[in-house]
Amino acid sequence: MSESRAVNPASRAFPAASPRPRKRRWLGFFFFTVAWLVAILVVLTTVGILWLRSAAKAALPVLDGDIYLTSQGAHALSAPVTIRRDQHGVPHIDAGTQEDLFVAQGYVTAQDRLWQMDVYRRSANGELSEVMGPSLLRHDKAQRMFQFRNTARRIYANLTPEEHARYEAYARGVNLFITQHQGSLPPEFHLLHYKPQPWTGADSISIGMMMVDMLDTHWYSKLSRERIAAKLHNSKLESDLYPVGSWRDHPPTGELLDLSQPHPEPPASSDDEDDERTQTRALPPSALQTLPGVPSMTKSWAGKQETFALNRVDGWDDSSLNSCRDCTPGSNNWVISGKHTASGKPLLSNDMHLGLNVPNIWYMADLRAPGFHAAGVTLPGMPFVIAGHNEHIAWGFTALYGDVQDLYIEKVQGNNYEGNDTQWRPLNVDHETIHVRGRKDINYDVRLTDHGPLLDPLFTKDPRAIALKWTLYDTTLNSIPLYALNTASNWTEFTAALSRWCWPTQNVVYSDDQGHIGYHAVGRVPIRRVSFGIFDTPIPHDTMDLRWEWNRLTGEPVYIPFGELPNAFDPSSGFLATANSRVTSDKSKYLLTDEWADPYRAERIYKLLQGRDQLKPADMLAVQTDIYSEMDQELGHRLSYAIDHAANADDQLRKAADLMRSWDGRLTVDSAAASLVTQTRYALRTMLLEPKLGKDLAASYQWSESNFAEEEIVMHAGPDWLPPSYKDWDDFLADAVRRAMKDGNATRDVAKWNYGSWHVVDIEHPLSSFLPVIGRIAGTGSWPLSGDTTTVKQVGRAFGPSQRFTMDWSNIDGSTEDIVLGESGNPYSPYFRDQWDDYYNGRTFALPFTPAAVAANTQHTLRLLP
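Below or above, wherever it landed, is the structure these notes cover. This structure is a prediction, so every number in the text was calculated from the model and none was measured.

Regarding the pattern of salt bridges
(1) Moving on: Tallied over the entire structure, the rule returns 46 salt bridges.
(2) Moving on: Its salt-bridge partner being Asp-720, residue Lys-236 comes within 3.7 Å of it at the nearest N-O pair. Of this pair, Lys-236 sits in helix 11 (residues 235–241) while Asp-720 sits in the loop between helix 24 (706–716) and helix 25 (729–743); the two residues are 484 residues apart in sequence, bridging distant segments of the chain.
(3) Moving on: Here Glu-564 ties to Lys-589 by a salt bridge, and the two come within 3.3 Å at their closest N and O atoms. Within this pair, whereas Glu-564 is found in the loop between strand 22 (517–522) and strand 23 (567–569), its partner Lys-589 is found in the loop between strand 24 (575–578) and helix 18 (600–609), the two being separated by 25 residues in sequence.
(4) Moving on: Among the charged side chains, a salt-bridge network with shared partners connects Arg-248, Glu-603, Lys-607, Glu-630, Glu-634 and Glu-711.

Given below as structure tokens:
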């Protein structure tokens with residue numbers, strides 16, 4: 001008999017309780033907590049933004065009225081100084097004495113750019129980690145290693161008393177502003193919880209060293225070339241990667257060039273091992289002549305007799321440049337005599353290409369006092385005008401790329417090293433202390449030889465003791481002739497000032513009110529007493545003797561005489577231009593470098609301007625904003641030809657070929673062909689280099705003439721560069737286009753792959769990576785960007801023309817100048833970003849100069865009173 005189980009009636013009516021209500025309670029508690037946290041975060045963010053806004057508004061400068069300036073109870077000025085600001089907030093400073101003028105320049109620049117000045121000072125001196133933390137420690141070590149602060153102090157100590165007085169006056173003006181505004185400093189100081197130290201004259205020189213570093217540093221390219229050459233172990237392939245100048249170059253000799261002639265034929269390959277797989281598909285020059293828009297190549301290569309070769313990479317450790325492939329600090333400048341202009345007076349134009357940041361690197365100003373009146377762009381933290389004009393002359397700069405650095409492999413044992421004379425001598429040691437926010441101080445020793453500092457393996461990734469020799473370290477060079485440039489009134493006085501220019505090496509164009517035009521290369525460039533190419537890589541210690549020094553007899557540097565640097569005055573052509581490419585010719589006595597920038601910008605400028613008459617300022621702006629690339633257009637035609645003849649070309653590839661074949665070569669934001677060609681250039685770089693060098697070494701190849709190197713390799717279609725996995729160059733190039741579309745995330749319909757959808761300009765505040773809210777308030781955000789690194793308008797994501805200037809001697813008040821964003825560094829100032837729309841859209845505006853024009857355009861008037 002089975003056992004019966006009693007059943008509780010309640011259990012039928014009310015089943016066992018489920019754990020789900022408890023889970024719901026925990027979920028509710030979780031979401032409630034998250035909601036509160038989000039609400040708190042929103043409140044804190046809102047409070048932070050409101051506080052930041054309040055701090056920024058409190059820091060806005062006084063633009064109207066009177067401000068009394070006193071320094072430790074004494075008058076800081078000898079008489080009132082008037083600052084009139086025009087519709088763009090540009091200060092026009094009018095002082096009774098030059099000393100008062102530079103005091104006022106320091107004060108007014110600090111009104112708009114104090115935090116930028118302090119960051120520039122800290123960046124140059126290696127003091128950023130003190131306020132921004134350990135992430136900047138590597139940068140600070142590099143600056144201490146390069147001795148920028150010590151060099152600036154040396155230069156400042158050796159200035160003339162008159163120069164000392166001008167720098168001290170500027171520093172006094174900065175310090176007066178700091179003292180008066182301890183409670184209303186720019187918001188960045190509040191965010192980082194620090195206050196600026198007093199300004200010194202040596203700090204201004206440090207900021208000048210920042211520019212020298214940016215424009216003259218290229219030692220790392222010599223180290224990189226050594227490694228790449230060792231891997232290639234093939235002098236022909238090495239010379240392909242490191243060409244010196246090109247057949248496209250247009251040195252500023254002033255000679256009239258026949259630009260109607262076809263391009264010369266590239267040199268024939270010297271390789272006798274051409275095999276059938278390459279010979280059957282390499283595109284011959286005759287085929288190029290049949291492609292629409294491609295010039296014939298039937299003449300001998302103009303540069304083939306040149307034997308010097310050097311690689312240079314610009315932008316080391318510079319995020320704004322690293323964001324742009326192949327961007328190198330450089331510029332465009334040109335000058336046209338009155339016989340080619342509509343007014344009969346000279347026109348001079350200059351746009352300097354640098355990394356773009358918030359605020360802009362330049363600060364526009366008009367400075368006037370008895371014996372001094374100059375206007376143009378200034379460098380925040382330094383007195384005077386850097387580039388611009390005065391009442392009689394105008395000038396503009398581009399980087400020359402003179403080779404002023406060499407590497408020497410030293411023999412070091414302990415604290416001693418062996419000199420060229422085989423004598424052992426002690427290393428000099430510079431004991432540096434780096435303050436790091438939130439951490440203990442870092443003691444950093446810089447060891448120095450007679451050549452210069454030993455490079456830290458942290459930066460070279462090389463265990464050898466490598467010393468850097470640089471003209472900057474020459475204790476006999478201490479001249480910065482900016483004041484003399486600003487006050488020169490003719491070519492004789494101007495060149496006298498330039499003859500004292502030490503660094504950085506530059507190309508300078510000139511025009512004056514008497515109708516003269518000129519060009520001169522400037523800067524101290526050492527004379528190498530042995531083959532120039534020997535210095536392309538580090539000099540081994542076991543071969544080192546006095547022959548390897550810049551002067552083999554005395555060991556002291558000897559520089560190219562100023563008068564023997566490239567120059568021209570009133571040339572018969574009536575036209576001179578530079579754009580960082582080769583400025584030496586077959587007639588030049590001395591070599592300046594084994595490296596130059598790509599030739600495309602200079603070539604295009606000559607084609608647009610030489611031989612034209614009745615030119616006007618509007619024509620100058622059209623050239624500065626030109627976005628046509630002959631090289632890109634020719635490459636597009638070559639790629640189209642390859643796809644037409646390649647095996648397995650699909651419909652998308654054939655459509656890409658049609659787009660490139662019919663392309664006009666202008667890199668507009670709505671162009672699909674521009675996307676195809678530009679992305680294919682990126683893909684080709686990797687596909688050509690990685691089989692030869694490996695991934696890591698291929699990625700390290702950067703060089704300012706690399707676009708021309710790539711063009712030559714592709715157009716020559718030699719067997720040495722064709723990867724072994726491809727049967728011919730057509731299949732290889734077609735696959736490069738295929739890879740470009742994949743890597744660039746091309747749209748399914750390639751005709752809709754607009755260039756501006758991915759090629760953008762995005763200018764950020766330096767603190768945006770630390771505090772994203774700053775980026776949203778102060779940054780520009782992403783904007784579609786036309787042009788590329790081969791167009792006259794040389795651009796990248798955070799790189800491009802940092803200003804645009806045209807001097808018109810027929811109308812000095814109609815001469816134009818604009819910078820990227822605006823005069824102010826404060827996001828709540830009306831002059832923070834008021835120039836951006838004009839800059840982005842290729843427009844510009846006049847910079848008033850005469851007293852009458854300044855008065856007519858005055859929006860604000862401030863008086864500084866003693």
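What about helix 24?
(1) Moving on: Across the 11 residues that make up helix 24, a large majority, 10, are buried.
(2) Moving on: Within helix 24 the residues assigned to the buried category are Ser-706, Asn-707, Phe-708, Ala-709, Glu-710, Glu-711, Glu-712, Ile-713, Val-714 and Met-715.
(3) Moving on: Remark: Ala-717 follows helix 24 within two positions and exhibits a positive phi of approximately 55°.

Some points on the sheet that holds strand 22
(1) Moving on: The 11 strands lie next to each other as 1-30-4-5-10-11-12-13-21-22-23, forming an open sheet whose pairing is mixed. At either margin of the open sheet sits one strand with a lone partner, and together these are strand 1 (65–68) and strand 23. In this sheet, adjacent strand axes meet at a mean angle of 20° when their direction is disregarded.
(2) Moving on: Taken together, the 2 bridges between strand 12 (residues 387–390) and strand 13 (residues 393–399) define a ladder with antiparallel strand orientation. Pairing of Gly-388 across the sheet is with Trp-395, part of strand 13.

Observations concerning empty space enclosed by the protein
(1) Moving on: Taken as a whole, this structure holds 8 cavities of 30 Å³ or more when the rule is applied.
(2) Moving on: Reported here for the largest cavity is a volume of approximately 330 Å³.
(3) Moving on: Element by element, the count of residues in the lining of the largest cavity is highest for helix 9 (residues 201–216), at 5 residues.
(4) Moving on: For the lining of the largest cavity, the class distribution of residues is 19 nonpolar, 7 polar and no charged.
(5) Moving on: Lining the second largest cavity are 17 residues; nearest its centre among them are Asp-112, Pro-186, Glu-188, Gly-825 and Asn-826.
(6) Moving on: Elements with a minimum of two residues in the lining of the second largest cavity: helix 3 (98–125) and helix 8 (187–192).
(7) Moving on: Looking at which element gives the most residues to the lining of the second largest cavity, the answer is helix 3, with 6 residues.
(8) Moving on: In terms of residue class, the lining of the second largest cavity is made up of 8 nonpolar, 6 polar and 3 charged.

What to know about the packing of aromatic side chains
(1) Moving on: Counted by the stated rule, this structure contains 32 aromatic pairs.
(2) Moving on: Aromatic side chains Tyr-242 and Trp-703 sit 5.6 Å apart centroid to centroid with 55° between the ring planes, which places their arrangement in the tilted category. Remark: Trp-703 occurs in the loop between helix 23 (695–700) and helix 24 and Tyr-242 occurs in the loop between helix 11 and strand 6 (263–264); sequence separation between them is 461 residues. The burial state of Tyr-242 is the same as that of Trp-703; both residues are buried.
(3) Moving on: In textbook terms, an aromatic cluster arises when at least three aromatic residues are bridged by ring pairs, as seen for Phe-102, Tyr-156, Tyr-167, Phe-372, Phe-384 and Tyr-483.
(4) Moving on: The residue whose ring lies beneath Lys-692 is Trp-721, and the NZ or CZ to ring-centre distance is 5.8 Å.

Looking at the packing of helix 3 against helix 9
(1) Moving on: Relative to each other, helix 3 and helix 9 sit at 70°, their axes nearing to 8 Å. Between helix 3 and helix 9, the crossing angle belongs to the class labelled roughly perpendicular. For the pair formed by helix 3 and helix 9, the contact residues are Met-117, Tyr-120, Arg-121, Ala-124 and Asn-125 on the first element and Asp-203, Ser-206, Ile-207 and Met-210 on the second.
(2) Moving on: Looking at the contact of helix 3 with helix 9 residue by residue, the classes come out as 5 nonpolar, 2 polar and 2 charged.

Points about the sheet that holds strand 15 (residues 411–413)
(1) Moving on: Strand order in the open sheet formed by 3 strands is 15-16-17, with antiparallel pairing between adjacent strands. Both outer strands of the open sheet, strand 15 and strand 17 (424–426), are each paired with one neighbouring strand and no more. Strand-to-strand twist across the sheet, computed as the mean angle between neighbouring axes with direction ignored, equals 30°.

Description of the nonpolar core
(1) Moving on: Within the largest apolar cluster, 167 residues are counted, with the highest numbers of intra-cluster contacts made by Trp-362, Phe-494 and Leu-864.
(2) Moving on: With 13 residues, the single largest contributor to this core is helix 3.
(3) Moving on: If near-sequence neighbours (up to four positions away) are discounted, Trp-362 is found in contact with Arg-113, Met-211, Met-352, Leu-354, Val-377, Thr-378, Leu-379, Pro-380, Ile-386, Ser-802, Gln-803 and Ile-819.
(4) Moving on: Among the nonpolar cores identified, the runner-up in size contains 49 residues, and Leu-667, Val-677, Phe-732 and Tyr-755 belong to it.

Description of helix 7 (residues 161–180)
(1) Moving on: Its 20 residues place the ends of helix 7 28 Å apart at the C-alpha level, agreeing with the 28 Å of an ideal helix rising 1.5 Å per residue.
(2) Moving on: Of all the residues in helix 7, the buried ones are Glu-163, Arg-166, Tyr-167, Ala-169, Tyr-170, Ala-171, Gly-173, Val-174, Asn-175, Leu-176, Phe-177 and Ile-178.

Rules and cut-offs
- Residues numbered from 1 in each chain as written.
- Predicted model: local features only at pLDDT ≥ 70, side-chain atom pairs only at ≥ 80, totals over all residues.
- Heavy atoms only, no water.
- Salt bridge = Lys/Arg side-chain N within 4 Å of Asp/Glu carboxyl O.
- Helix = DSSP H or I, 4+ residues; strand = E, 2+ residues; numbered from the N terminus.
- Buried < 20%, exposed > 50% of the residue type's maximum accessible area, 1.4 Å probe, protein only.
- Pairing = 2+ DSSP bridges.
- Axes fitted to C-alpha atoms, helices over the stretch in contact; angles between N-to-C directions.
- 1 Å grid on protein atoms, 1.4 Å probe; cavity = no way out; pocket = protein on both sides within 12 Å on 5 of 7 lines; lining within 4 Å.
- Points joined across faces, edges and corners; volume = space filled by probe spheres on them.
- Nonpolar A, V, L, I, M, F, W, Y, C, P; charged D, E, K, R; others polar.
- Phe/Tyr/Trp six-rings, centres within 6.5 Å; stacked < 30°, edge-to-face > 60°.
- Lys NZ or Arg CZ within 6 Å of the ring centre and 35° of its normal.
- Parallel < 35°, antiparallel > 145°, perpendicular 65-115°, else oblique.
- Contact = heavy atoms within 4.5 Å.
- Core = buried A, V, L, I, M, F, W, Y, C linked by side-chain atoms within 4.5 Å.
- Expected span 1.5 Å × (residues − 1).

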